[in-house]
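What follows is the residue order along each chain.
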Amino acid sequence: MSETPQEHNFSLGHEDAKNNTHDEPQNSEQVPDEELHWKRAHPLSPLASSWFILAWIVWITGKELFESGFLESDTSLLESLRDFLTFITSTPKIFVPALLSVVIYYGVTYLGWFFTCFAVGEKFFHLKTGVLVKKNRKANINKIQSIDITSPFLARLFGLSEMTVDVADGDGSALSIKFLKHQHAQQLRSTLLQRITDVKQSQHAAPTREESEDVPTVMLSEEEKLQQFLQQENLPTPTAVEDSSEQELLRVPPKRLVASLLLDVKVLFQLLLFLIFIVVTLREVGVGFFSSITSIIILFGFASSLFNTFARRYNFRIADTPEGLKIRYGLFDTVTQSVPVSRIQGLQINQSVLWRSLNWYKVVINVAGYGIKDMMNDKKITEELVVLATGEELEKILDMVLPVHEERVTGRWLLYAHGTRGTEAGFRPRVAKLRWLRPLSYRRAGFTLTDKYFILRDGVLYYKLSIIPYQFIQSVDVRSSPLERHYGARTVNIWTIVGPISATNKNIHAEDAQRIVQTHRDVYR
């Protein structure tokens, strides 16, 4: 008989580890329930997930109380509520179906909550869902790429958080638990990180038969073996995972965030279009009902978009932790995400034209583990590694997050290369005879190849510097239009994982295109 889901206790003592020990291959049958400690989400999860039903009930009740005059009468609150209940029960054609709908809805929701359980095994994270159609999903702990904790506004009022576990393929394979107490979500996250360390440690400590025969045995203590493994794998120690010691690298003040939004070229361009629309409407139509309502709708949409960006980036922080960079942000919906440096497969330094005098920068990244389905589902994805930073702050972060370290490509050198033009810093320009195709960005556009990176520079109103390690380039293709072939030019596309960074180098010399292709071949030879 399977165990009843227990209260949340995610500690990894020796007794729990012994009870949960099992050897489960990737394609094996499901582990018997009695070998796993199944747990459920918080009992308030259905209410936090369906807040709109509660809001609708409160709205209808308040509206009826106000319109009936109960709130303005001299009677007591208890008498007013009794009169209100008498009023709504006297109309069974409306009251009974509405009550039954709410009861059925929450009954089905709580039934789904009851049949949703999760458990942490030795090698897999399990999630069981479904009432009529049962689903038993499991994520290989060794392939877990990220463990994100999100706190939507209403769930945060209840002290709840959603935990999302993403695995390596990034093809809609995330396992989500709605909702857990925030401290329980943090504890479960630490438990999974501990399991990841244990699994990788066991894999690293098991040599092949040939290795065991050829390599002489060296007797090491258990502590020495653990420290040697952690140094080679760059993994956090168990005590570091539990303590979660953090070193804050960046915190964006609200004033600086507001100023950056108001000085953003895209925001100013949208505001200019709105003002042009108002002027044209007043001249052609005059101050009428239609024009005023349309202007209000457009202004509301513009303000709403600006405020949503501010709310999402509010209190943006980056901290260095043993398990990677921890990013926190959000005004209403708070998000906590961890990004191991090994998952960053490309980064781009951006700077608006109005930010240059203030020395402000923004960094976006391509992250392994997130796929197209995640973007189509509007999933909160860590694309903005740095929403706003000064040059000094960014220089320190770049020295830490470059996925492949190279002595030449430091944070200071990247910031210098970001503001260069022409052939400065060793950049190769485009074909001069085709500069009329892009006259404004001709001097800025260019690329350079270092020992380990492909670096692309472009932009006029937005300076962009893309850095892609050779080892993460999936493919390179060379194309040419009839015009490019006439002038001996080529267009090179650098294909990486799905993300905000796309490296397309247009109108470069044919020999430069061949050099990029040859460099890519040499890396994978």
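To start, this report covers the structure provided alongside it. From a predicted model like this one, the values you see are computed outputs, not experimental measurements.

Cut-offs and rules
- Residues numbered from 1 in each chain as written.
- Predicted model: local features only at pLDDT ≥ 70, side-chain atom pairs only at ≥ 80, totals over all residues.
- Heavy atoms only, no water.
- Helix = DSSP H or I, 4+ residues; strand = E, 2+ residues; numbered from the N terminus.
- Buried < 20%, exposed > 50% of the residue type's maximum accessible area, 1.4 Å probe, protein only.
- Contact = heavy atoms within 4.5 Å.
- Areas by Shrake-Rupley, 256 points an atom, 1.4 Å probe, with all protein chains shown as cover.
- Salt bridge = Lys/Arg side-chain N within 4 Å of Asp/Glu carboxyl O.
- Pairing = 2+ DSSP bridges.
- Axes fitted to C-alpha atoms, helices over the stretch in contact; angles between N-to-C directions.
- Phe/Tyr/Trp six-rings, centres within 6.5 Å; stacked < 30°, edge-to-face > 60°.
- Lys NZ or Arg CZ within 6 Å of the ring centre and 35° of its normal.

Across its full length, the chain carries 18 helices and 19 strands. Taken across its 525 residues, the chain has 42% of its residues classed as buried. Of the contacts made within the chain by residues no fewer than 6 positions apart, 60% connect residues no fewer than 24 positions apart. Carbon together with sulfur atoms contributes 59% to the accessible area of the chain, which is approximately 29100 Å² in total.

Attention shifts here to the pattern of salt bridges. Side chains carrying opposite charge are able to pair once their charged atoms draw close together. Taken as a whole and assessed by the stated rule, the structure comprises 10 salt bridges. Glu-384 is paired through a salt bridge with Arg-313; the nearest N and O atoms lie 2.9 Å apart. A residue pair is termed long-range when its members are at least 10 positions apart, and Glu-384 in strand β13 (residues 384-390) and Arg-313 in helix α13 (residues 289-313) qualify at 71 residues. Each member of the pair, Glu-384 together with Arg-313, is buried. Among the ionic pairs, Asp-458 bridges to Arg-430, the shortest N-O distance being 3.7 Å. Taken together, the residues Asp-458 in strand β15 (residues 453-458) and Arg-430 in the loop between α16 (411-418) and β14 (446-449) connect sequence positions 28 residues apart. Here the two residues Asp-458 and Arg-430 agree in accessibility, since each one is buried. Each member of the salt-bridge network shares a partner with another, and the members are Arg-312, Arg-313, Lys-362 and Glu-384.

Turning our eyes to something else, we now look at the side chain of Thr-420. On the secondary structure map, Thr-420 appears in the loop between α16 and β14. Relative accessible area serves as the criterion here: at 2%, Thr-420 is assigned to the buried category. What Thr-420 contacts, discounting residues up to four positions off in sequence, is Ala-425, Phe-427, Arg-444 and Arg-457.

Turning to the sheet that holds strand β10 (residues 334-339), a few remarks are in order. If you walk across this open sheet you meet the seven strands as β6-β5-β4-β10-β9-β8-β7, and the pairing is antiparallel. Every other strand in the sheet has two partners, leaving β6 (175-181) and β7 (247-251) as the edge strands with one partner each. Neighbouring strand axes in the sheet, compared pairwise and without regard to direction, differ in orientation by 20 degrees on average. Bridge analysis of strand β4 (residues 144-151) against β10 gives three bridges, and the strand direction is antiparallel. Considered in β10, the bridge of Ile-149 is made with Thr-336. Most of the contacts of helix α15 (residues 391-401) go to β7, to which it runs at about 130 degrees, and overall it touches β7, β8 (317-321) and β9 (324-329).

For α16, the buried fraction is high: six of the eight residues fall into the buried class. Contacts from the buried residues of α16 go to β11 (344-352), β12 (360-367), α15, β14, β15 and β16 (462-469).

Mapped onto the fold, Phe-316 is located in the loop between α13 and β8. Taking the relative accessible area as the measure of exposure, Phe-316 reaches 2% and is therefore buried. C-alpha separation for the pair Phe-316 and Ile-327, spaced 11 residues apart in sequence, amounts to 7.4 Å. Residues in contact with Phe-316, not counting those within four places in the same chain, are Leu-250, Arg-251, Val-252, Ile-327, Arg-328, Tyr-329, Glu-384, Leu-385, Val-386 and Val-387.

In this section: the sheet that holds strand β2 (residues 124-129). One open sheet accounts for three strands, arranged β1-β2-β3; its pairing is antiparallel. Edge positions in the sheet fall to β1 (117-120) and β3 (135-140), since each has one partner strand and no second. Mean inter-strand twist for the sheet, computed between neighbouring axes without regard to direction, equals 15 degrees.

Tallying each qualifying case throughout the model produces 10 aromatic pairs. A centroid spacing of 6.1 Å and a plane angle of 25 degrees characterise the contact between Phe-447 and Phe-454, whose relative ring orientation is stacked. Note on Phe-454: relative accessible area 2%, which makes it buried. An aromatic cluster is built from Phe-307, Phe-310, Tyr-314 and Phe-332, whose rings are joined through pairwise contacts. Just above the ring of Phe-114 sits the side chain of Arg-40; from NZ or CZ to the centre is 4.0 Å. Against the face of Trp-38 rests Lys-128, its NZ or CZ located 4.2 Å from the ring centre.

Shape is all these values report; function is a separate question.
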